[in-house]
Amino acid sequence: GESVGLHLPTLSVQEGDNSIINCAYSNSASDYFIWYKQESGKGPQFIIDIRSNMDKRQGQRVTVLLNKTVKHLSLQIAATQPGDSAVYFCAEPLPQGSGYALNFGKGTSLLVTP
Amino acid sequence: EPEVTQTPSHQVTQMGQEVILRCVPISNHLYFYWYRQILGQKVEFLVSFYNNEISEKSEIFDDQFSVERPDGSNFTLKIRSTKLEDSAMYFCASSASSADEQYFGPGTRLTVT
């Protein structure tokens, strides 16, 4: 079955506001999570990752929060810009041998309005 | 900045035909992957490849699929006899190591008629 999944299929925010995209996972043994951004007509693009020994990780305008108790992670985008409009996926490695095959969630479409 | 490239960008083929999708991973990367994304659905893992052999494959990757690294730069996905349900975007990805970030190509849209 699917381990990662997203709460909301679409999110509309005004330019300049903060965005929060949520993701739930079911495998309590999962120890690594990644957020990808996919713009229309393009492949997924790595945004930020977090390991299970951390609760929070910050990047440029993005923060990922991991709550292992409820198996939930979120991606926060500060001061959302029109260029942030895309589909956002959380992903985790599949149980695997020697490669880090990724299991993607269904995606949340973020629409930034002026 | 180095990037993964894929050709063609769009391939239309008739059911039952063979197709080969091509990828040029980032030059110093050692791990290669194929994923697919059916329209409106999530990205699904197909296969990973390391040291000239398949290291992982999903249930989707059945006998109709094969991968090859024919030379030092290309990485191909072959579908022997395409079905309508193979219509999807196919993404190639590469990474420097198994634990490193995977870089995705722009994808090939495969349409099977």
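The following refers to the structure shown. Everything numeric here is computed off the predicted structure, so don't read it as measured data.

Structural notes on the interface of chain A and chain B
- Across the boundary between the two partners, chain A contributes 24 residues, which contact 18 residues of chain B.
- Summed over both partners, the interface of chain A with chain B comes to about 1,600 Å²; 55% of that surface belongs to carbon and sulfur atoms.
- Inspection of the chain A/chain B interface yields 0 salt bridges.
- There are 5 residue pairs in polar contact (both at pLDDT 80 or more) connecting chain A and chain B.
- Looking at the side of chain A that touches chain B, the elements that each hand over two or more residues are β4 (32-38), β5 (45-51) and β10 (102-104) of chain A.
- Across the side of chain A that touches chain B, the residue classes break down as 11 nonpolar, 9 polar and 4 charged.

Considerations on the packing of aromatic side chains
Residue and element names in this part refer to chain A.
- Under the counting rule described, the total for this entry stands at 15 aromatic pairs over all chains.
- Geometrically, the ring pair formed by tyrosine 36 and phenylalanine 46 is edge-to-face, given 6.2 Å between the ring centres and 85° between the ring planes. Note that tyrosine 36 is positioned in strand β4 and phenylalanine 46 in strand β5, a separation of 10 residues in sequence. A single burial state applies to tyrosine 36 and to phenylalanine 46, both of which are buried.

Procedures and definitions
Residues numbered from 1 in each chain as written. Chains lettered and ligands numbered in written order. Predicted model: local features only at pLDDT ≥ 70, side-chain atom pairs only at ≥ 80, totals over all residues. Heavy atoms only, no water. Contact = heavy atoms within 4.5 Å. Buried area = accessible area lost by both parts, 1.4 Å probe. Salt bridge = Lys/Arg side-chain N within 4 Å of Asp/Glu carboxyl O. Polar contact = N/O pair within 3.5 Å; in protein donor to acceptor, adjacent residues only side chain to side chain. Helix = DSSP H or I, 4+ residues; strand = E, 2+ residues; numbered from the N terminus. Nonpolar A, V, L, I, M, F, W, Y, C, P; charged D, E, K, R; others polar. Phe/Tyr/Trp six-rings, centres within 6.5 Å; stacked < 30°, edge-to-face > 60°. Buried < 20%, exposed > 50% of the residue type's maximum accessible area, 1.4 Å probe, protein only.

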